[in-house]
Amino acid sequence: MMNALAVQLNEKMQKESPAIYDMLSDLGKNLYYPKGILSQSAEAGKKAHRFNATIGIATENGEPMHFRHIQEKLGYAPKDIYPYAAPQGKELLRSIWKEKLLADNPSMQNKSIGLPIITSALTHGLSIAADLFMNPGDVLITPEQYWGNYNTVFQIRRGGRVETFPLFNENGGFHVDAFRETLEKQKEKAIVLLNFPNNPTGFTPSIEDANAIVQVIKDVAASGTKLVVLLDDAYFGLFYEDSIRESLFGLLADIHPNILPVKIDGATKENYVWGLRVGFITYAADPDVLDALEQKTKGIIRGTISSGSHISQTILLESLQSEEYLKEKEEKFQIMQGRAVKTKQVLANEKYAPFWTYYPFNSGYFMCLKLNDIDAEELRLHLLDKYGVGVIASNKTDIRVAFSCVEENDIEELFDLIYEGCQDLSK
Ligand SMILES: Cc1ncc(COP(=O)(O)O)c(C=O)c1O
């Protein structure tokens, strides 16, 4: 039997936004945030001024108990390191991240958008979305070039079906027509996943194409299909040319009741803290629905990782508040942009033409070569064995190069070695 709290949340959603209720998976419908230890302890945190004997940590001298040999190496206060963070994360970090989102994404302003909920980085955010919205057999629509781990998150784990469409049209722009055709085939419900800057290609659409994408989603929603639209903004901000420079999340918020935009982002790639594991999941919906989605999200977090790393949230919070933050972010942006520009300059060399073309790129960490007739896996292994060069073979024809981890001065040599490898294999 369904828990009474889940029933309450569902009734609220059915009343305020039946379409979004219908988008929930069976697991999503069952989820709620239990009134257990955590909510009793939160109450005690406010009122128990004599003794607070609620939560499962240890204290000593008015502080969380801790080892000196650990604390000696850490520059943060014990209260910001050792106790559990709440399942939804540190409240101040949530509100500061929301301010950052509003500053970076003008279209988000004046829309009904929830407070970001903290995840253990983007993979976790994606898996929360899969848990809440994907039932076995549901379709995930994403471009042909996608991050391979989506298969594990949506297909292996949740039994979804991944359906792809060509990312590029013949002019090197986003293939709006293919996107429309694929989306129009979905009659009841679909989960759409868009990732710009894209992994593996490094592509972000133009403003014009972004508006066309939004129009397709709106048209299909208006025809009656319910669309959960996930925006994987892992590489947000790394825009080097004249693409759109904000997330499609803001453009999709509040435009149709059959659309639920879900923004999945985080510090991982944007702030170069991959191993700290801090990300966010943010919904755009009516306020009552936002509350229900937040309760359900807290429920799944409580039932999986329980809560994220406290020290990682503290490090990110203090970084975002630091006066050095914007300055250093700009410094690193310049380095990344320099590498992208250099990569394009190097690739303009006509000598490469017999072996490869490349997909349009203007953003992010990567670019992709499309090999003319050499097998990508064969080339990858050859480059490793003969030249000590590591690249990713993302399918039979495509080689992904992470210019993000090659110094600008080494980029020409890198592509020349790939070129030599191609020459070897085509002899
Ligand atoms: C497109 C995309 N989304 C999500 C992720 C996962 O990021 P995280 O390390 O924050 O889980 C990656 C990492 O490679 C990625 O490329």
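Here is what the cut-offs are and how they apply
Residues numbered from 1 in each chain as written. Predicted model: local features only at pLDDT ≥ 70, side-chain atom pairs only at ≥ 80, totals over all residues. Heavy atoms only, no water. Core = buried A, V, L, I, M, F, W, Y, C linked by side-chain atoms within 4.5 Å. Buried < 20%, exposed > 50% of the residue type's maximum accessible area, 1.4 Å probe, protein only. Domains from an automatic or database assignment. Contact = heavy atoms within 4.5 Å. Helix = DSSP H or I, 4+ residues; strand = E, 2+ residues; numbered from the N terminus. 1 Å grid on protein atoms, 1.4 Å probe; cavity = no way out; pocket = protein on both sides within 12 Å on 5 of 7 lines; lining within 4 Å. Points joined across faces, edges and corners; volume = space filled by probe spheres on them. Nonpolar A, V, L, I, M, F, W, Y, C, P; charged D, E, K, R; others polar. Pairing = 2+ DSSP bridges. Buried area = accessible area lost by both parts, 1.4 Å probe. Salt bridge = Lys/Arg side-chain N within 4 Å of Asp/Glu carboxyl O. Polar contact = N/O pair within 3.5 Å; in protein donor to acceptor, adjacent residues only side chain to side chain.

1. Describing the nonpolar core
Core analysis: the biggest nonpolar cluster contains 72 residues, and Phe133, Phe154, Tyr283, Trp356, Phe415 and Ile418 have the highest contact counts within it. Two domains each put at least three residues into this core: domain 1 (4-33 + 87-321) and domain 2 (326-426). When neighbours within four sequence positions are excluded, Phe415 is seen to be in contact with Thr343, Val346, Leu347, Tyr352, Trp356, Met367, Leu369 and Val401.

2. Focus on unusual backbone geometry
The peptide bond linking Phe196 to Pro197 adopts the cis configuration, its omega dihedral lying at -10°. Looking at the secondary structure, you find Pro197 in the loop between strand E6 (189-194) and helix H10 (207-222). Each neighbour pair has its own omega, and for Asn199 with Pro200 the value is 20°, a cis peptide bond. Along the polypeptide, Pro200 turns up in the loop between E6 and H10. The phi angle at Asn110 is positive, at roughly 60°, despite the residue not being glycine.

3. Focus: the layout of surface pockets
When its volume is computed, the largest pocket comes out at roughly 880 Å³. If you trace the largest pocket, you find 31 residues lining it, with Ser41, Asn52, Ile55, Pro83 and Tyr84 closest to the centre. Those elements that provide at least two residues to the lining of the largest pocket are helix H4 (37-47) and strand E2 (63-64). For the lining of the largest pocket, the residue count by class is 14 nonpolar, 12 polar and 5 charged. The calculated volume of the second largest pocket comes to roughly 520 Å³. What lines the second largest pocket is a set of 19 residues, among which Lys100, Asp104, Tyr325, Leu326 and Lys329 lie closest to the centre. Those elements that provide at least two residues to the lining of the second largest pocket are helix H6 (91-104) and helix H15 (325-347). Residues of the lining of the second largest pocket, tallied by class, amount to 10 nonpolar, 2 polar and 7 charged.

4. Quick notes on the pairing of strand E4 (residues 139-143)
Taken residue by residue, a regular strand's side chains alternate between the two faces of the sheet. Within E4, 5 of the 5 residues are buried, leaving the element largely enclosed by the surrounding structure. Residues Val139, Ile141 and Pro143 point to one face of E4 and Leu140 and Thr142 to the other, with burial holding for every one of them. The pairing of E4 with strand E5 (residues 161-165) spans 5 bridges and is parallel. Looking across to E5, one finds that Thr142 is bridged to Thr164.

5. Details of the domain arrangement of the protein chain
Each assigned domain of the protein chain is listed here: domain 1 (4-33 + 87-321) and domain 2 (326-426). Here the C-alpha centre of domain 2 lies 30 Å away from the C-alpha centre of domain 1. Taken together, the contact between domain 1 and domain 2 spans 23 residues of the former and 20 residues of the latter. Both sides together, the interface formed by domain 1 and domain 2 hides about 1900 Å², and carbon and sulfur atoms give 57% of it. On the domain 1 side of the interface with domain 2, the three residues burying the most area are Pro200, Tyr240 and Tyr272, jointly 35% of the side's total. For the pair domain 1 and domain 2, the interface holds 2 salt bridges. Salt-bridge contacts for Glu270 lead to Lys329; the nearest nitrogen and oxygen are separated by 3.2 Å. Along the contact surface separating domain 1 from domain 2 lie 14 residue pairs in polar contact (both at pLDDT 80 or more). Across the side of domain 1 that touches domain 2, the residue classes break down as 10 nonpolar, 9 polar and 4 charged.

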